[in-house]
Amino acid sequence: MENREESLRAVWDAIRAGNKFFIAGHLNPDGDSLGCTLTMTSLLERLGKTVYAYAAPAIGNDLKFLPGLEKIHVGVLPENPDFDTVILLECSDRQRGGDLESVLKPAKTLVNIDHHLVSDDYGHVNHIDSVASSTAEIIFQLFEASGEDNLLPTPAEATCLYTGLVTDTGRFVHSNTTAEALRVASALVALGADVNKINQVIYFTKSYIELKLLGRALEKMEMRFDNKYSQIILTRRDFETFGATPAQTQGIVSQPTMIPGVEVSALIKEEPDKVSVNLRSRGSADVSRIAQIFGGGGHARAAGFKVTDKTVSEVADALAEVVYNAVKDLH
């Protein structure tokens, strides 16, 4: 992005001017959103600020090891919001964090920090860097831009940021694994990020229910368009069968991309109040453009969207038509 340093200084100006902060990431926070929320909460408290950290339900079990999680108000908004500064992390629009208008309206300053390719300039201060691998990468750069030599992430903060970085890069295999992402990762390890625990909990621990759900998902996998498109539909009955929730599907959408020839993989989930879709690309197709057609967004290789006015089969049919146009000419 242009004038990155100037933009980061503007964020710091807002931080130094504020006293009472509200901070939140997006709905159903992933490792990047939650890791950055926890890091910024800790940083602001170290700077002597008053902080109300919020997360909209639900937090996955694989992220409950993160240090400082007890500071997060999950699904509970403040009764009397009188914050002078609100910081939204990884929210491409002001609704992505949930219904926060009661907090946003009275705030004097709204800071928007995001790395999505499509993101609204809804803040008084906007730092949007679509080149960054993750919001965690941006927050580390924010530390570096403080101008204070001794202001570095603590081991707990480094653990939270590394979690955001490693999950958003897919363990450093996605196309957003840049030299800068690896530089930041190296620095976070040197600062005490608990890499072993992160790997063990996030990537090498699955419950019985999650593994059974994975089995059902792979059993229902369909190949279409000369095997360029893989589609998995999980219905409410599938979740009920195993006593599982949609939050327990992490990693499933990436499984079909291991099949040679698959360009796009979709996981379509029927939830009580919506149909949610996760998309992954092997490399040639830009799934963020597919998601945008349905009101969603994300990155070229990982994106998603939600639909509230169509059945799961209607969403699947509409998605298939769009995907066909995206992959038909790919070899």
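Look above for the structure.
Residues numbered from 1 in each chain as written. Predicted model: local features only at pLDDT ≥ 70, side-chain atom pairs only at ≥ 80, totals over all residues. Heavy atoms only, no water.

### Some thoughts on the pattern of salt bridges
The line we're drawing: Here, a salt bridge means any side-chain nitrogen of Lys or Arg that lies within 4 Å of a carboxyl oxygen of Asp or Glu. A helix here means a DSSP run of H or I that spans at least four residues, while a strand means a run of E at least two residues long, and both kinds are numbered starting from the N terminus.
Per the stated rule, a full pass over the model turns up 15 salt bridges. Among the ionic pairs, K220 bridges to D238, the shortest N-O distance being 2.6 Å. In this pair, K220 is assigned in the loop between helix 8 (208-219) and strand 7 (222-224) and D238 in helix 9 (residues 236-242), connecting sequence segments 18 residues apart. Note that K274 and E271 form a salt bridge whose closest N and O atoms lie 3.5 Å from each other. What you see here is one network of salt bridges that share partners, running through R216, E219, K220 and D238.

### As for the environment of G60
For clarity, the threshold we go by: A simple rule labels every residue: compare its accessible area, found with a 1.4 Å probe on the protein chains alone, to the largest value its type can have, and call it buried under 20%, exposed over 50%, or partly exposed in between.
Position of G60 relative to the elements: it lies in the loop between strand 2 (50-55) and strand 3 (72-74). Taking the relative accessible area as the measure of exposure, G60 reaches 11% and is therefore buried. G60 sits 163 residues away from M223 along the chain, and the two C-alpha atoms are 29 Å apart.

### A word on the nonpolar core
Quick reminder of the rule: The criterion is simple. A nonpolar core is a set of buried Ala, Val, Leu, Ile, Met, Phe, Trp, Tyr and Cys residues joined through side-chain atoms within 4.5 Å. It only takes one pair of heavy atoms within 4.5 Å for two residues to be counted as in contact.
In terms of nonpolar packing, the biggest core is built from 49 residues, with M40, I87, I139 and L188 touching the most fellow members. Leave out the neighbours within four places in its chain, and I87 touches I15, F21, F22, I23, A24, M40, L44, V111 and I113. The next biggest cluster of nonpolar side chains, apart from the first, holds 24 residues, and it includes A291, F305, V307 and V315.

### Overview of the packing of helix 2 (residues 31-46) against helix 4 (residues 135-144)
Geometrically, a packed helix pair is captured by the angle between its two axes and the distance between the axes. Just so we agree on the cut-off: Axes here mean lines fitted to C-alpha atoms, for a helix over just the part in contact, with angles spanning 0 to 180 degrees between N-to-C directions. Each angle receives one of four descriptions, namely roughly parallel if under 35 degrees, roughly antiparallel if over 145, roughly perpendicular if within 65 to 115, and oblique otherwise. Should the near helix be turned counterclockwise from the far one by less than a right angle, the crossing is left-handed, whereas a clockwise turn marks it as right-handed.
Taken N-terminus to C-terminus, the directions of helix 2 and helix 4 make an angle of 20 degrees; their axes are 9 Å apart at the nearest point. On the basis of their axis angle, the class for helix 2 and helix 4 is roughly parallel. In this structure, the crossing between helix 2 and helix 4 has a hand that is left-handed. Listed contacts from helix 4 to D32, C36, T39, M40, L43 and R46 of helix 2 are T135, A136, I139, L142 and F143.

### Structural notes on the packing of aromatic side chains
Applied cut-off: Working definition: a ring pair exists when centres of Phe, Tyr or Trp rings (six-membered ring for Trp) sit within 6.5 Å. Plane angles under 30 degrees give stacked, over 60 give edge-to-face, the rest tilted. Two conditions define a charge sitting above a ring: the NZ of Lys or the CZ of Arg must be within 6 Å of the ring centre, and it must be within 35 degrees of the ring normal.
Inspection of every chain in the model, using the stated rule, returns eight aromatic pairs. Between F22 and Y52 the ring centres are 6.0 Å apart and the planes differ by 10 degrees, which places this aromatic pair in the stacked class. Taken as a pair, F22 in strand 1 (residues 20-24) and Y52 in strand 2 lie far apart in primary sequence, 30 residues in all. With respect to burial, F22 and Y52 carry one shared label: buried. The ring of F83 has K20 lying over it, and the distance from NZ or CZ to the ring centre is 5.7 Å.

### With respect to the sheet that holds strand 1
How we decide: Any two strands with at least two DSSP-identified bridges between them are counted as paired.
With respect to topology, six strands assemble into an open sheet ordered 3-2-1-4-5-6, the strand pairing being parallel. Each edge of the open sheet carries a strand with a single partner, namely strand 3 and strand 6 (125-128). Recorded for the sheet is a direction-independent mean angle of 20 degrees between the axes of neighbouring strands. In this fold helix 1 (residues 4-17) packs onto strand 1, strand 4 (85-89), strand 5 (109-114) and strand 6, with an angle of close to 135 degrees to the strand it touches most, strand 6.

### Remarks on the pairing of strand 8 (residues 229-234)
Within strand 8, six of the six residues are buried, which leaves the element mostly enclosed by the surrounding structure. Every second residue of strand 8 is oriented toward a common face, with Y229, Q231 and I233 on one face and S230, I232 and L234 on the other, all of them buried. Judged from the three bridges that link them, strand 7 and strand 8 form a sheet pairing that is antiparallel. Bridging from a neighbouring strand, E222 pairs with Q231 of strand 8.

### Some details on the sheet that holds strand 12 (residues 302-307)
Spatially, 7-8-9-10-12-11 is the arrangement adopted by the six strands of the open sheet, whose pairing is mixed. With partners counted over all chains shown, the strands left at the sheet margins are strand 7 and strand 11 (297-298), one partner each. As judged from the seven bridges shared by strand 9 (residues 264-270) and strand 10 (residues 275-281), these two strands associate in the antiparallel manner. What sits directly across from I268, in strand 10, is V277. The sheet strands contacting helix 11 (residues 312-327) are strand 7, strand 8, strand 9, strand 10 and strand 12, and the helix crosses strand 9 at an angle near 170 degrees.

### Some words on the side chain of T85
We count it as follows: Distance and chemistry together define a polar contact, namely a pair of N or O atoms within 3.5 Å, with one atom able to donate a hydrogen and the other to accept it when in protein, and with adjacent residues in sequence counting only for side-chain atoms on both sides.
In this structure, T85 sits in strand 4. By relative accessible area, which is 2% here, T85 ends up buried. Among the polar contacts made by the side chain of T85, one reaches the side chain of D84 at a distance of 2.8 Å.

### Considerations on the environment of G295
Its place among the elements puts G295 in the loop between helix 10 (287-293) and strand 11. Along the chain, G295 and T249 lie 46 residues apart, while their C-alpha atoms are 22 Å from each other.

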